[in-house]
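# Structure at a glance
Listed below are the residues making up each chain.
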Amino acid sequence: MANETLFRGLSIRIVAFAIAVLVLSLAGLSYATYDVFDRQAAAELDRKAAAVADLIANRVGRALDLGVPFDQLVGVEEFLGDVIQDQPEFASVTLADAAGREVYRKDRPRPGGGVRVQSWPVTARGVAAGAVLIGVDSEALNERLVGIAFDVGVTLLVSALISLEVLLVLIAVSLTIPVGTLVTLMNKVAGGDFSRRVDDRAQDQVGRLTAAFNAAIERVNREYRAALDRALAAGADAAAWGAELSRRFVFAPAAGAEPFAPQSVLFIRLPLFLFFFGSELPRSFLPILAKDLHAASGPAPAWLAAVPGGSWLAQAYAAIPAEVLVALPLSAYLLGIALFSPMAGRLAAARGSRTLFSIGVVPAVAGYVLTFLADSLPELILWRTVNALGFAFVSIAALDHIAAVTTPTTRAQGMAAYLAAYVSAGVCGTAIGAILADRIGFAPVFLLSAVFTIGSAVLLWIFTPATPHRDAAPAKKASGSMLRLLATPRFLGLLLCAGIPMQVIQSGFLFYYAPLLLQELGNRQAVIGRVLMIYFLLVIVFNEVLARWADGGQRHGKAVAIGLGLSGVAAAAVGLWTNTWAAAGSVAAIGVAWAFSFSAQGALLLRMGEGRLAGVPPAVAIGFYRLAERCGAMVAPVLMSLMITHMGFADTALATGIGIAVCAVLFAVQMAALPLTDSTVPETSR
Amino acid sequence: MRLTLRLFLAIWLIIAGAAGLLTLLNHFKFATAYADLVRSRFAFLAADLEQSIEAGLSLGLPVDQLRNTQAVIQRTKERWPEITAIRVFDPAGNALFGVGEGAEAAVPPAWVEAARRSRDGAWTLPDEHATTVAKPLVNAFGLTVGWVALTYSNAIVDGQVAGTGGLLVQHAAIGLGIAALLCALLLPLLLRPIWAEMQRMEAAIRTAGEAPETAQAAPVPEEIAASYGPFRTAVANALGLIRTAPSART
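Below, the discussion takes up the overall build of chain A. Helix and strand counts for chain A come out as 21 helices and six strands. Over its C-alpha trace chain A gives a radius of gyration of 34 Å, far above what one expects of a compact globule, namely 26 Å for 686 residues. Considered along the principal axes of its C-alpha atoms, chain A spans approximately 135 × 60 × 60 Å. Per-residue burial over chain A gives 50% buried out of 686 residues. Long-range contacts, defined here as pairs at least 24 residues apart, represent 81% of the contacts in chain A between residues at least 6 apart.

With 65 residues of chain B at the interface, the matching set in chain A holds 75 residues. Of all the secondary-structure elements, those providing two or more residues to the side of chain B that touches chain A are helix 1 (3–57), helix 4 (155–206), helix 5 (222–242) and helix 6 (246–249) of chain B. Considering each element in turn, the side of chain B that touches chain A owes the most residues, 26 residues, to helix 1 of chain B. Looking at the side of chain B that touches chain A residue by residue, the classes come out as 45 nonpolar, 11 polar and nine charged.

Another aspect to go through is the packing of helix 7 (residues 266–280) of chain A against helix 13 (residues 377–405) of chain A. Residue and element names in this part refer to chain A. Close contact between helix 7 and helix 13 brings their axes to 11 Å; oriented N to C, the two are set at 155°. Put simply, helix 7 runs roughly antiparallel to helix 13. In terms of crossing hand, the pair formed by helix 7 and helix 13 is left-handed. Two secondary-structure elements touch here, helix 7 through I268, L272, F275 and S279 and helix 13 through F391, V394, A398 and H401. Among the residues making up the contact of helix 7 with helix 13, the classes are represented as six nonpolar, two polar and no charged.

With that out of the way, let us pick up the sheet that holds strand 4 (residues 130–138) of chain B. Residue and element names in this part refer to chain B. Strand order in this open sheet of five strands is 2-1-5-4-3, and the pairing throughout is antiparallel. Looking at strand neighbours, the two that pair on one side only are strand 2 (95–100) and strand 3 (123–126), the edges of this open sheet. The average angle at which neighbouring strand axes cross in this sheet is 15°, direction not considered. When strand 1 (residues 83–89) meets strand 2, the two strands line up antiparallel, connected through five bridges. What sits directly across from A85, in strand 2, is G100. Packing against the sheet, helix 3 (residues 109–117) makes contact with strand 3, strand 4 and strand 5 (144–153), and its axis sits at approximately 145° to strand 3.

Conventions used here
Residues numbered from 1 in each chain as written. Chains lettered and ligands numbered in written order. Predicted model: local features only at pLDDT ≥ 70, side-chain atom pairs only at ≥ 80, totals over all residues. Helix = DSSP H or I, 4+ residues; strand = E, 2+ residues; numbered from the N terminus. Rg over C-alpha atoms; globule rule 2.2 N^0.38 Å. Buried ≥ 20, exposed ≤ 12 C-beta atoms within 10 Å, placed from the backbone. Contact = placed C-beta atoms within 7 Å. Nonpolar A, V, L, I, M, F, W, Y, C, P; charged D, E, K, R; others polar. Axes fitted to C-alpha atoms, helices over the stretch in contact; angles between N-to-C directions. Parallel < 35°, antiparallel > 145°, perpendicular 65-115°, else oblique. Left-handed = near helix turned anticlockwise from the far one by under 90°. Pairing = 2+ DSSP bridges.

All quantities given are derived from atomic positions and should not be read as evidence of function.
Below you can see the structure in the form of structure tokens.
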């Protein structure tokens, strides 16, 4: 990888500038918007106050016409009390007599703020007898528009994250990587290698800089060739002179210096971010959409019986319990990713990552468009599987690109970039998808996903150079390795007590149970999205800090145990206090728990790879571990749906929490009982 | 494309996307909040009619026998011209009293269905052109004997919402203009030191093979400082050795 630490100060300044302009713009826009709303709504509030005052004045006027004295009107206090109770925009309603003395008054208890008092006359027998005074609460609009503040906050957060993604990549691609490449080639020249030039055709100052370097290289090579020609013509000492030069320097062939194309994971980060962003947009409402479609299409849609072999399919479909069916879109998607990934791996090796990414965009876009058109649950399941094909291709293409452009020492950084793109897209996509679904409905969000996916392909061809094709490695029979791994207690313990339970928490509890619970509690889609966003946000905030903490004292086992324990407590808490705040707190705790355990599990696997992994290479062990995890992720939504049906939301959460907590205890016991790599050396002393 | 222009476009497009999204969301929110506010005003008027009619019902009269009901709804309709129709109907869907548009027509089945589904008897039914708010009429024995339904044109809300949408777009456009101006003015200032540094780098590299006295005298930027010295030495050595080629000696 090129030296990506260059111009860090500039990158920080540019991102800070962009976020400052963004904040200023959105703050200004929000203020102006609120001002517009305030004025428009104030006029309507006045009309409403006029309607209420008119009604009160009429009733009081009729009583006064009958000769009832102003201060002896029976039931007025109660009537005004009802008005205040039913009209949340009014701070007070007062009935004053002809002298302006307040005779009857009702106030709404409120925290303060401005009140705009308006007055309407009360007439009796044709003369002014008093006035109705209504205090319109200036803050009332705020309560009606409270969602806007959240929308502004979410939009600001998402835009800031997108700015960070886009600008860092832009600066890297335009400045850092070319100058880093220049430094790399200067070092090569320092070692005597004049055979490479920078492959950069930019028209700006960076282009002029690299052109200057290329000119210097070209001048040396030109002078060398001219001198060699003269020496060959002169005869005598040419061979000795040439040998001395060849010993000390490498010159370019007559055709010219070879272009040196830099490689970096950053070239694929932006397309990957956009692709993930598109795929995360439906995250918060997918289980709800599945439920709606199932309710709309009934036990089995008519078209299912019409396809070849459809009657059997329709019967089988109708035999599946409704709660399992509703969980199938998520499970089928995860199953599709697991099934298609090996094929994608072979294609990546044969065709290169850029081509595979582009191929993957086609089923992804097709899946989104067909999901947009879907009006039954089987269609949703089918098209989500098509989506899974696209996701598998694109994610494998990205991982292949990272493998191609990193070295073993920089691979972790490459993987961190992949994870960062996924998590950032998770924050942005989940929240924006939910807000949009709230306003424009579920189906159009899939069209937006398709648009962003197409955008990712466009950015890929703009930013990402092709990586060299590699020969596909012959498939090895892995069953022996798998059995040996499963016979390793430490590996099996990590998988069963940590890997699979954490997937149950993520794909079952977080991505399936939580949206359904939040909907059940009466929350709008935007709120559901905001709650799920907290998870991704906390993963971003804590992932690096906690990974560093775990690495620092080799506390990977502790980190995984804490993550599991925290997840268990978080899930159980929802069982005990089944409300929106508990659900939000639980999602937040799961975010922290995931940050604790995700990197630590990988590190534990690698540390196991140093010792007792039954002779299986670490890469194969990790691959098998991830596959087994995905199996857990696939089953989790179905498991949750069955539990919800038979136990209800609260008990499902409680049972899940207790189950995960038991796994945490078992894992801790296993960590204490079984050595990681060598039974003679305690873990903490490594 | 120059980096400054790329950064300008990237920042501006992100801000435009955020402002566009926010404007869209705000517009939807305002439309909902405003429609709710208008609905609550007419719901209040409907509630007043409900109380007036129920005062008669409390005397034990059947709803279709309340002779002053037609006058009451007529008066309300005249007092509030935004109301397009007021109708009173029984649970079977028979129209009992009416004023305004469609007063003589049969009660829409959707109203009867909405009334049947309503939990507390009150309901709101918006359609393409108008919104109807209704309150149940409950007699002295707690029996729902009908509904008073008040209809107003959606134009009251739509016109205001459309006007507000236009204003929001104007504000967004002004905001984006200011953002563009800020970026156009400040980005070059932010990048100027980098371009100056690049020029020094370029000059240093261009003079790499020259004699020390003619070579770049200015300090080499830190980005390339560590590599520049060995690079320059290697270029000078290579050129020096090349220039000692045998033909040169003969």
